[in-house]
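The lines below spell out each chain.
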Amino acid sequence: ALTVVWLRDDLRLADNPALHAAAERGEVVVCYVLDEVSEGIRPLGGASRWWLHHSLTALGASLKERGMELILRSGPAQAVVPRVAAECEADAVFWNRRYGLAERTQDAALKASLGDGGYAVRSFQANLLFEPWEVTTGSGTPYKVFSPFWRACRNRPAPRAPLGVPGSLNGPVTESEDLASWRLLPYAPDWAAGLRETWDPGEHAAQSRLQHFLAETIDGYARARELPDTEGTSRLSPHLRFGEISPFQVWQLAGADSGTAAAGDLTVFMQELGWREFCWQLLYHQPDLATANYRPEFNAFPWQQPVEEELDAWRYGRTGFPLIDAGMRQLWHTGWMHNRVRMAAGSFLIKNMMVDWRVGEQWFWDTLVDADPANNPANWQWVAGSGADAAPYFRIFNPVTQSKKFDADGGYLRRWIPELRSAGNVHEPWKEGVSGYPAPLLDLKASRDQALSAYQDLRQA
Ligand code: FAD
C-alpha cells in the first residue's frame, strides 16, 4: 500500500495523525502544495511566506534524515493532489483537517473525486484540541462567549496523548519543484533581516521553544505575560500557526512538565490555548470573519476614510505615542508583537483614528509571522467591539496609561524607539519635546470622545 500524505498547516513529523496512519499502512509520499490560485483561499502575507519557506526547508531536512523527500508542487490542489497520487501509483490519500470554508470545500470536493477514482481517503484531527462542531451549547448552537465555551471544552474528555514520529518511513520519490522557484522570500528589498535574527522556524525549534518556556518562563506567566519588556510568553504562535507543533503536544507537556509552575500560571496558559480554539470555532461557524462584522449592527459604524500618511504613521511606528510606535516597530522588525501592545495598537487605530478594523487586520496579516486565519480577525473584531465576546465599546486603551502600567521603567519603549533612549519622560515625550521623534498624531481625549459618541449612537440605533 502507498499513501500520499498531503501536508498543509501541519508541517511536522511528530504528532501528525495523517502521517502516522499512512506509515502504518506501508509506503508514504509526503507532499506540500502551494495553492495560490484556488478561489477563496486567502493568499499568505509577506512574513508568513518567509516563515513557510524556512519551515518547508526544515521539514525537507528532517525527512531527508529519514531517507525521504518532501515533494513540492504548486497549482490548484484540486488538480495537483490527484496527479501526485496517480504518478506514484498510490492507493490512498490522507490529510489533517482544515477549518476555513474554502479549505473545507476544497477538501470535500477532493475527497469525493479521489474516492470516485478508487483511492482510500481519510482526514484526521490534528490542529485543534476540540473539533469546532463538538462544542456547542445545550441547544446545539455555537458559543459566543469565551468562558462558557472553555468550560464546556474542559468538561469534555481530555485531549488525546500526542503521537510520536512514525518509527519507519519509506516510499518512492517523485518529481518535486524547487522551493527557491516559489519566491517566498523577499528580495529587492530584503526586509527579513529582523525575522532571521529573531526566529528559527521548524519542528525542532518549536520543540526547543516549548521546552525552554516550560523550564524558564511558565513560572510567573500569569503576571509576566502582561509585560512587553520581558520574555514572559511562549512565543509559540508562529510554530502553532504552521503546525510545526501541535496543541496536543503543548497541552500534554505543559500538563506534565511544569512541575514547579503554580497552578494559576498553568491555568492561564491553558486558557490562552483555549482562546485559539475559540477563535477557530468562531471562524468555522462564521467563515467570513476576516471581512464581515460578527455583529451586523457594526455595518453602520461611521469609520473614517483613512488619510494615507496617517495610516503610514501607524504602520511604521510614527504616531508620536511611544507604546504604539514601539509595538508597530517591533512588528515591522521581528514579525511579532506582544499581545498587550497588539491590543493597544489595535484600539488606537480603531478607536482613536476611527479606522475600520479590517485595515489593521490586513496589515497584521501581511506583517505577522503568526498571522492566523482565525486568531487575527477574531482578535481584531474583539478589539473593535464588533466580535463575539468583544471588549465593551467604552474600553478604549489609553496608550500612555498602558505603557506606564505595563512598561513602567520604559525598557520596551527605549528598546524599539532609539529616539527616546535618553528622554526623561519616555511615556509622554511631547511634554519635554524630544528632537527626531514625531509630535502626537492626534488628541487622545478628543478622539476618544468622538469614538465614544459614535459607539453610543450605534447602541441606541
Ligand atoms: P502565549 O501567551 O505564550 O500563548 C500561547 C498560545 O496561545 C499562542 O501561541 C496562541 O496560539 C494562543 N493565544 C494566545 N493569546 C491568544 C488570543 N488572544 N487569541 C487566540 N489565540 C491566542 N495570535 C495569533 O496566533 N495569530 C494572529 O494573527 C493574531 N493576531 C492578533 C491580533 C490582535 C489585534 C490581537 C490583540 C491579538 C492577536 N493574536 C494573534 C493573539 C495574541 O496576541 C498572540 O497569539 C500572542 O501574542 C502570541 O504570542 P505567544 O505565542 O508568546 O503567546
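Residues numbered from 1 in each chain as written. Predicted model: local features only at pLDDT ≥ 70, side-chain atom pairs only at ≥ 80, totals over all residues.

Focus: the overall build of the protein chain
Consideration 1: The number of helices and strands found in the protein chain is 19 helices and five strands.
Consideration 2: A globule of 461 residues ought to have a C-alpha radius of gyration of about 23 Å, and the protein chain, at 23 Å, matches this closely.
Consideration 3: With the C-alpha coordinates aligned to their principal axes, the bounding extent of the protein chain is approximately 70 × 50 × 45 Å.
Consideration 4: Nonlocal contacts in the protein chain, meaning residues at least 24 apart in sequence, comprise 76% of its contacts between residues at least 6 apart. (Helix = DSSP H or I, 4+ residues; strand = E, 2+ residues; numbered from the N terminus. Rg over C-alpha atoms; globule rule 2.2 N^0.38 Å. Contact = placed C-beta atoms within 7 Å.)

A look at the pairing of strand E3 (residues 70-74)
Consideration 1: Looking at chain direction, strand E2 (residues 27-34) and E3 are connected through five bridges and run parallel. Each residue of the ladder has a partner; that of Cys31, found in E3, is Ile71.
Consideration 2: Following the backbone out of E2, through helix H2 (residues 46-65) and into the adjacent parallel E3, one traces a crossover that is right-handed. (Pairing = 2+ DSSP bridges. Right-handed = clockwise from strand over helix to strand, strands pointing away.)

Quick look at the site of the ligand
Consideration 1: As a matter of local geometry, the ligand sits amid 27 residues, with Thr233, Ser234, Ser237, Asn376 and Asn379 nearest to it.
Consideration 2: Elements with a minimum of two residues in the shell around the ligand: helix H9 (237-241), helix H11 (263-285), helix H14 (339-352) and helix H16 (375-384).
Consideration 3: Per-class residue counts for the shell around the ligand are eleven nonpolar, eight polar and eight charged. (Near = placed C-beta within 6 Å. Nonpolar A, V, L, I, M, F, W, Y, C, P; charged D, E, K, R; others polar.)

Digging into H14
Consideration 1: Counted at 1.5 Å a residue, the expected span for H14 with its 14 residues is 20 Å, and the 19 Å between its end C-alpha atoms agrees.
Consideration 2: Of all 14 residues in H14, twelve are buried; the element is thus mostly enclosed.
Consideration 3: At its buried positions, H14 is contacted by helix H12 (308-315), helix H13 (322-334), helix H15 (357-367), H16, helix H17 (399-406) and helix H19 (444-460).
Consideration 4: Among the residues trailing H14, Met354 stands out with phi positive, at a value near 60°. (Expected span 1.5 Å × (residues − 1). Buried ≥ 20, exposed ≤ 12 C-beta atoms within 10 Å, placed from the backbone.)

A few points about the domain arrangement of the protein chain
Consideration 1: Domain boundaries assigned for the protein chain yield domain 1 (2-126), domain 2 (128-159 + 203-285) and domain 3 (296-460).
Consideration 2: Looking at the side of domain 1 that touches domain 3, its residues break down into two nonpolar, four polar and one charged. (Domains from an automatic or database assignment.)

What to know about the packing of H13 against H14
Consideration 1: Taken N-terminus to C-terminus, the directions of H13 and H14 make an angle of 115°; their axes are 9 Å apart at the nearest point. With respect to their mutual orientation, H13 and H14 come out roughly perpendicular. Handedness of the H13/H14 crossing: left-handed. Here Leu323, Ile324, Gly327 and Met328 of H13 lie close against H14, whose contacting residues are Val341, Arg342, Ala344, Ala345 and Phe348. (Axes fitted to C-alpha atoms, helices over the stretch in contact; angles between N-to-C directions. Parallel < 35°, antiparallel > 145°, perpendicular 65-115°, else oblique. Left-handed = near helix turned anticlockwise from the far one by under 90°.)

A look at the UniProt feature "binding site: FAD" (unreviewed entry) in the protein chain
Consideration 1: Following the UniProt record, the feature "binding site: FAD" (unreviewed entry) maps to Tyr221, Thr233, Ser234, Arg235, Leu236, Ser237, Phe269, Asp370, Ala371 and Asp372 here. Taking the farthest pair of C-alpha atoms as the criterion, the annotated set spanning 152 residues is dispersed, since that pair is 22.9 Å apart.
Consideration 2: Within the secondary structure, Thr233 sits in the loop between helix H8 (221-224) and H9.
Consideration 3: Take Thr233: there are 22 C-beta atoms within 10 Å of it, and that puts it in the buried class.
Consideration 4: You can see Asp372 is positioned in the loop between H15 and H16. (UniProt positions renumbered as here; feature names shortened; annotations may be inferred.)

Some thoughts on unusual backbone geometry
Consideration 1: Between Ala188 and Pro189 the backbone carries a cis peptide bond, its omega angle lying at 0°.
Consideration 2: Locating Pro189 in the fold gives a position in the loop between helix H5 (146-154) and helix H6 (193-198).
Consideration 3: The phi dihedral of Asp15 falls on the positive side, at around 45°, and the residue is not glycine.
Consideration 4: As for its placement among the helices and strands, Asp15 is situated in the loop between strand E1 (2-7) and helix H1 (17-25).
Consideration 5: One non-glycine residue, Arg183, lies in the positive phi region at around 55°.
Consideration 6: Residue classification places Arg183 among the exposed positions, given that 10 C-beta atoms sit within 10 Å.

A few points about the confidence of the model for the protein chain
Consideration 1: For the protein chain, mean pLDDT is 95; residues scoring 70 or higher make up 99% of the total.
Consideration 2: The ipTM assigned to the predicted complex is 1.00, against a pTM of 0.98. (pLDDT = per-residue confidence, 0-100.)

So, the UniProt feature "domain: Photolyase/cryptochrome alpha/beta" (unreviewed entry) in the protein chain
Consideration 1: In the numbering adopted here, UniProt assigns the feature "domain: Photolyase/cryptochrome alpha/beta" (unreviewed entry) to residues 1-129.
Consideration 2: Spanning residues 1-129, this segment combines 43% helix with 22% strand, and its end C-alpha atoms are found 30 Å apart.

As for the nonpolar core
Consideration 1: Counting 103 residues, the largest nonpolar core has Val4, Val5, Trp6, Val29, Val30, Cys31 and Val93 as the members making the most contacts within it.
Consideration 2: Top contributing element to this core by residue count: H2, with seven residues.
Consideration 3: Counting residues in each nonpolar core, the second largest holds twelve residues, with Ala206, Leu214, Ile218 and Ala254 among its members. (Core = buried A, V, L, I, M, F, W, Y, C linked by C-beta atoms within 7 Å.)

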